[in-house]
Amino acid sequence: MTDWFKDRRQEFIEATFLQFGIINTQQIMDQFQISRPLASGDIQTYLKNSKHSIMYDVHAKCYVLIKSERTALRDEINERYANTFKYLAKQENKNDDSV
């Protein structure tokens, strides 16, 4: 069950980067009611697994997605959703054929 929550936080981080191009630990803490060390660990996990260029802005105290990477991330997420919808449509067609 804990992996499910961790996965949701990773999805939140990715969605926040896509929408705003930045994230900090406070946003994750507020959204999920978790401690700063856990939020920081989530960001570190995301950074370790991400292939996108992200830097830490010491003045703004947040992680910033490099602008050119934002388009690549958006395309990657769109492709993932498109594949999910295609899969669901196939499943629905199978169910319709069996009725």
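Rules of the game
- Residues numbered from 1 in each chain as written.
- Predicted model: local features only at pLDDT ≥ 70, side-chain atom pairs only at ≥ 80, totals over all residues.
- Heavy atoms only, no water.
- Salt bridge = Lys/Arg side-chain N within 4 Å of Asp/Glu carboxyl O.
- Helix = DSSP H or I, 4+ residues; strand = E, 2+ residues; numbered from the N terminus.
- Buried < 20%, exposed > 50% of the residue type's maximum accessible area, 1.4 Å probe, protein only.
- Pairing = 2+ DSSP bridges.
- Core = buried A, V, L, I, M, F, W, Y, C linked by side-chain atoms within 4.5 Å.
- Contact = heavy atoms within 4.5 Å.

1. What to know about the pattern of salt bridges
Consideration 1: On inspection of all chains with the given rule, the structure shows two salt bridges.
Consideration 2: A salt bridge links Arg8 to Glu11; its shortest N-O distance comes to 3.0 Å. One end of the pair is Arg8 and the other is Glu11, both in helix 1 (residues 2-20) and three residues apart, which spans about a single turn.
Consideration 3: You can call Glu11 partly exposed: its relative accessible area is 46%.
Consideration 4: Measuring nitrogen to oxygen at the nearest pair gives 2.3 Å for the salt bridge that ties Arg9 to Asp42. Note that Arg9 is positioned in helix 1 and Asp42 in helix 3 (residues 36-49), a separation of 33 residues in sequence.

2. Description of unusual backbone geometry
Consideration 1: With a phi angle near 55°, Gln33 is a residue other than glycine that sits in the positive phi range.
Consideration 2: Mapped onto the elements of the fold, Gln33 is located in the loop between helix 2 (25-32) and helix 3.
Consideration 3: We classify Gln33 as exposed; its relative accessible area is 69%.
Consideration 4: Phi is positive for Lys61, which is not a glycine, with a value near 55°.
Consideration 5: Relative to the assigned elements, Lys61 resides in the loop between strand 2 (54-57) and strand 3 (62-65).

3. A short note on the pairing of strand 2
Consideration 1: Judged from the four bridges that link them, strand 2 and strand 3 form a sheet pairing that is antiparallel. Considered in strand 3, the bridge of Tyr56 is made with Tyr63.
Consideration 2: What sits between strand 2 and strand 3 in their antiparallel hairpin is a turn of four residues, with Lys61 showing a positive phi close to 55°.

4. Some thoughts on the nonpolar core
Consideration 1: One finds Phe12, Ile13, Phe17, Ile23, Ile28, Met29, Ile34, Ala39, Ile43, Tyr46, Tyr63 and Leu65 forming the largest nonpolar core, which totals twelve residues.
Consideration 2: Among the secondary structure elements, those contributing two or more residues to this core are helix 1, helix 2, helix 3 and strand 3.
Consideration 3: Those residues in contact with Ile34, other than ones at most four positions away along the chain, are Arg9, Ile28, Met29, Ala39 and Asp42.

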